[in-house]
Amino acid sequence: MAAEAPVKLWINAYEAPRVTDYHAHETGQLFALREGLQVIETPSGRWVQPPGWIGWIAPRCAHAAQSFGATAGWSLHIDSMMAASLPDGPHVFAVTPLVQGLVDRLTSMNATEPLLEPRRARLVGVLIDELAASARPSLHLPMPQDKRLAAMAAAVANDPALPDSIDEWADRIGMARRTLTRRFAVETGLSFAQWRQQARLLKAVELLSLKEPVTAVALTVGYSSVSAFIEAFRKHFGRTPSRFFEESVALPQAKKKPA
């Protein structure tokens, strides 16, 4: 029996939003979207993946996923040995010109056949090396593990415009303010104020991917000033909301994933 290929590529298209319950793959998975948006969730955090960024799920990493709108893109399944240099949890990578060129070359090949040829495997190896060396931040919102803090964080992540202060949250979840601030920082690596701003900006990416106007997005995620929202977004992502999706990953015309 022939050995299973270390890399497999599919081109995917789904006409409606999808929700996938917690599951895990034996292989690692790289994936990108030409259209739509996807949110990956684990007990330790949420990752937002808009078009133009490359998502990663490590082998045997339990995760759930939710897409917004129609989605189309590609997914690359990699065996655990080949993927050893990539993060051991989910990540969302920005795309460099070299990564763009590698993606273009890989997705122009026959997507229905396993990538068996040494030349193709070498291309994937270079892609993995480039992603592993990337120092750019992931679109990640860390989540606390304490049950009370996790419930608070989930409420704010789902509706980051909530105006409740940290004192109000402490009273609501039955935790001393000092304990809340200390545990939250230890479990997420961020102060509550930093975390809430990151929650607002990631929610903004989600809404922008759905073509919501910048002004509406700013108000929806809790900014009273559009200019303040644009400046915060620019400082965090290095570009304004209106230009965020300009450098997207070029993808071929999507086809349904083989059954």
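The structure this text deals with has already been given above.
## What to know about the overall build of the chain
Then, number 1: What the chain contains, in helices and strands, is eight helices and eight strands.
Then, number 2: A buried classification covers 48% of the 259 residues belonging to the chain.
Then, number 3: Across the chain, every contact between residues at least 6 apart in sequence was considered, and the portion connecting residues at least 24 apart equals 75%.
Then, number 4: With an accessible surface of roughly 12900 Å², the chain has 54% of that area assigned to carbon and sulfur atoms.

## Quick notes on the packing of helix H6 (residues 192-209) against helix H8 (residues 226-237)
Then, number 1: Two elements in contact, H6 and H8, have axes separated by 11 Å at closest approach and are oriented at 95°. With respect to H8, the element H6 is oriented roughly perpendicular. For the pair formed by H6 and H8, the contact residues are Gln197, Gln198, Leu201, Leu202, Ala204, Val205 and Leu208 on the first element and Phe229, Ala232, Phe233, His236 and Phe237 on the second.
Then, number 2: Partitioned by chemical class, the residues of the contact of H6 with H8 number nine nonpolar, three polar and no charged.

## A word on the pattern of salt bridges
Then, number 1: With the rule as written, the count across this model stands at seven salt bridges.
Then, number 2: The salt bridge partner of Arg172 is Asp164, with a shortest N-O separation of 2.5 Å.
Then, number 3: Its salt-bridge partner being Glu231, residue Arg234 comes within 2.6 Å of it at the nearest N-O pair. A residue pair is termed a helical-turn pair when its members lie 3 or 4 positions apart in one helix, as Arg234 and Glu231 do in helix H8 at three residues.

## Things to note about unusual backbone geometry
Then, number 1: With a phi angle near 60°, Arg60 is a residue other than glycine that sits in the positive phi range.
Then, number 2: Following the sequence through the fold, Arg60 ends up in the loop between strand S5 (54-57) and strand S6 (63-78).
Then, number 3: Positive phi is not limited to glycine here, since Lys211 has a value of about 70°.
Then, number 4: In this fold, Lys211 is placed in the loop between H6 and helix H7 (214-220).

## Concerning the pairing of strand S1 (residues 7-14)
Then, number 1: Across the eight residues that make up S1, a large majority, six, are buried.
Then, number 2: Sheet analysis places S1 next to S6, joined by eight bridges and oriented antiparallel. Within S6, the residue paired with Trp10 across the bridge is Ser75.

## Quick notes on the packing of aromatic side chains
Then, number 1: The tally for this structure, following the rule as stated, stands at eight aromatic pairs.
Then, number 2: Centre to centre, the rings of Tyr223 and Phe229 are 5.5 Å apart; their planes meet at 55°, and the pair counts as tilted.
Then, number 3: Exposure remark for Tyr223: the relative accessible area of 11% places this residue in the buried category.
Then, number 4: Residue classification places Phe229 among the buried positions, given a relative accessible area of 0%.
Then, number 5: Through pairs of rings, three or more aromatic residues link up here, namely Trp53, Tyr223, Phe229, Phe233, Phe237 and Phe244.

## Topic: the packing of helix H1 (residues 97-107) against helix H2 (residues 118-132)
Then, number 1: Where H1 meets H2, the axes come as close as 10 Å, and the angle between the chain directions of the two elements is 150°. Of the possible angle classes, the one that applies to H1 and H2 is roughly antiparallel. Handedness of the crossing formed by H1 with H2: left-handed. Taking contact as the criterion, the partners of Leu98, Val99, Leu102, Arg105 and Leu106 in H1 are, on H2, Arg119, Arg120, Leu123, Val124, Val126, Leu127, Glu130 and Leu131.
Then, number 2: Considered class by class, the residues forming the contact of H1 with H2 number nine nonpolar, no polar and four charged.

## Notes on the nonpolar core
The tendency in soluble globular proteins is for nonpolar side chains to be buried as a group.
Then, number 1: The biggest cluster of nonpolar side chains holds 72 residues, and the ones touching the most others in it are Leu30, Ile54 and Trp195.
Then, number 2: Per element, the largest residue contribution to this core is nine residues, and it comes from H6.
Then, number 3: Residues within four places of Trp195 in sequence aside, it is in contact with Leu141, Pro142, Met143, Ala153, Val156, Ala157, Phe184, Thr188 and Leu190.

## What to know about the side chain of Thr188
Then, number 1: Tracing the chain through its elements places Thr188 in helix H5 (residues 177-188).
Then, number 2: In this structure the side chain of Thr188 is engaged in a polar contact, spanning 2.7 Å, whose partner is the backbone oxygen of Phe184.
Then, number 3: Among all residues touching Thr188, those that are not within four sequence positions of it are Pro142, Met143, Pro144 and Trp195.

## Description of helix H3 (residues 147-158)
Then, number 1: Between its terminal C-alpha atoms H3 stretches 16 Å, which fits the 16 Å expected from 12 residues at 1.5 Å a residue.
Then, number 2: Turning to H3, its buried residues are Leu149, Met152, Ala153, Val156 and Ala157. Buried residues of H3, viewed axially, fall in a sector of 130°; they line one side.
Then, number 3: Two or three places before Arg148, at the start of H3, stands the capping residue Asp146, its side-chain oxygen 2.9 Å from that residue's backbone nitrogen.

Criteria and thresholds
Residues numbered from 1 in each chain as written. Predicted model: local features only at pLDDT ≥ 70, side-chain atom pairs only at ≥ 80, totals over all residues. Heavy atoms only, no water. Helix = DSSP H or I, 4+ residues; strand = E, 2+ residues; numbered from the N terminus. Buried < 20%, exposed > 50% of the residue type's maximum accessible area, 1.4 Å probe, protein only. Contact = heavy atoms within 4.5 Å. Areas by Shrake-Rupley, 256 points an atom, 1.4 Å probe, with all protein chains shown as cover. Axes fitted to C-alpha atoms, helices over the stretch in contact; angles between N-to-C directions. Parallel < 35°, antiparallel > 145°, perpendicular 65-115°, else oblique. Nonpolar A, V, L, I, M, F, W, Y, C, P; charged D, E, K, R; others polar. Salt bridge = Lys/Arg side-chain N within 4 Å of Asp/Glu carboxyl O. Pairing = 2+ DSSP bridges. Phe/Tyr/Trp six-rings, centres within 6.5 Å; stacked < 30°, edge-to-face > 60°. Left-handed = near helix turned anticlockwise from the far one by under 90°. Core = buried A, V, L, I, M, F, W, Y, C linked by side-chain atoms within 4.5 Å. Polar contact = N/O pair within 3.5 Å; in protein donor to acceptor, adjacent residues only side chain to side chain. Expected span 1.5 Å × (residues − 1). Arc of directions from axis to C-beta.

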